[in-house]
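Residue strings, one per chain:
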Amino acid sequence: MLRLLPILVIAFATPAAAYTLDCSDPAGDLNYFEIVETHDEATGDYALVSARFKIMDELGYTSAHDPSNDGDVSFVNVDQDTDRLVFDMHLLNADKGYDTIVASVRLDRVYEGSQTGIGGVLHVPAGGAFGVACTIAR
Amino acid sequence: MRILALAAVLIGLTSATQATEWIECADATGEARLGVLAGGLDFAQFSRTHLSVGVESWSTDPSLEPGTPLTIADSFFGATELHVTLTDNDRNAVLAELRAFVVSNEHGDAKGGVLTVPGKGVWAVSCEGP
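Given the structure is predicted, the values throughout are model-derived calculations rather than measurements. (Residues numbered from 1 in each chain as written. Chains lettered and ligands numbered in written order. Predicted model: local features only at pLDDT ≥ 70, side-chain atom pairs only at ≥ 80, totals over all residues. Heavy atoms only, no water.)

1. A closer look at the interface of chain A and chain B
- Across the boundary between the two partners, chain A contributes 28 residues, which contact 25 residues of chain B.
- For the chain A and chain B pair, buried surface summed over both sides reaches about 1,700 Å², with 64% attributable to carbon and sulfur atoms.
- Along the contact surface separating chain A from chain B lie one salt bridge.
- Glu81 of chain B is paired through a salt bridge with Arg84 of chain A; the nearest N and O atoms lie 3.7 Å apart.
- The interface formed by chain A and chain B contains four residue pairs in polar contact (both at pLDDT 80 or more).
- A per-element tally of the side of chain A that touches chain B places strand 8 (residues 115–124) of chain A first, with nine residues.
- Of the residues contributing to the side of chain A that touches chain B, the split by class is 14 nonpolar, nine polar and five charged. (Contact = heavy atoms within 4.5 Å. Buried area = accessible area lost by both parts, 1.4 Å probe. Salt bridge = Lys/Arg side-chain N within 4 Å of Asp/Glu carboxyl O. Polar contact = N/O pair within 3.5 Å; in protein donor to acceptor, adjacent residues only side chain to side chain. Helix = DSSP H or I, 4+ residues; strand = E, 2+ residues; numbered from the N terminus. Nonpolar A, V, L, I, M, F, W, Y, C, P; charged D, E, K, R; others polar.)

2. Notes on the state of the cysteines
- Summed over the entire model, instances satisfying the criterion amount to two disulfides over all chains.
- Between Cys23 of chain A and Cys134 of chain A runs a disulfide, and the two sulfur atoms are separated by 2.1 Å. One disulfide, between Cys23 of chain A and Cys134 of chain A, carries an S-S torsion of 105° and so falls in the right-handed class. Here Cys134 of chain A lies in strand 9 (residues 128–137) and Cys23 of chain A lies in strand 1 (residues 17–24), a separation of 111 residues in the sequence. Taken individually, Cys23 of chain A and Cys134 of chain A each receive the classification buried, so the pair is uniform in this respect.
- The partner cysteine of Cys25 of chain B in its disulfide is Cys127 of chain B, sulfur to sulfur 2.1 Å. Measuring handedness by torsion sign, the sulfur bridge of Cys25 of chain B and Cys127 of chain B sits at about 105° and is right-handed. Here Cys25 of chain B, found in strand 1 (residues 20–26), pairs with Cys127 of chain B, found in strand 10 (residues 121–128); they are 102 residues apart in sequence, far enough to count as distant.
- Residue class for Cys25 of chain B comes out buried when judged on its relative accessible area of 2%.
- Overall, the relative accessible area of 6% leaves Cys127 of chain B in the buried class. (Disulfide = S-S within 2.5 Å. Buried < 20%, exposed > 50% of the residue type's maximum accessible area, 1.4 Å probe, protein only.)

Printed below as a string of structure tokens:
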């Protein structure tokens, strides 16, 4: 049992690994669309860390307070597991009266052997709808 | 007059149900591609399909789209999701599965998801079509 103890300690001490999903659309209308999430392989849990996107050099948001956001952007309606990554980005600025969903992300993910396929759509009510394919960039 | 109006409506409905368009889904490199011929109201009925991975191809109608025969075992095309499951003609083995999300607004629409071909690979795909 004592021999196993170091292994158990290491296993429980290992933090959930964070990685970036780098997503793009075939037409190239997205300047960037990145999602950072963590996956704890011990528990299987996923967690959203951040997300940001920009469309055609004009409209974009990051999931934090940022001057370019014109308010605070947070995650709502998160549904995140092995099969899918779904969330909305909510913009709030009480002074300017912003209280709205600025983006909806709907991604499927499939693991097939050593391959991972992650794809879906980015819906920006003020900017358009985009089919996207994502790759994992660690 | 009412009969004429009813006839016009019926003719319109008949025309709508006869329209068909291909929904084509492919990865960025074009290595994997799946097409389904959609028709009926809201294009929710799929009558033909073709699948290709590299140089291999499959088709529900090899006389029109060359390839090994396959069958559309299950499909769903709604306002938010598009699902297609393809099997061999005996329905013994799943040859491919498409799981995609659908969104639309006044700026346009988009479909994207993942195409899985068991034993061959998995690809993130974007789709064009109705």
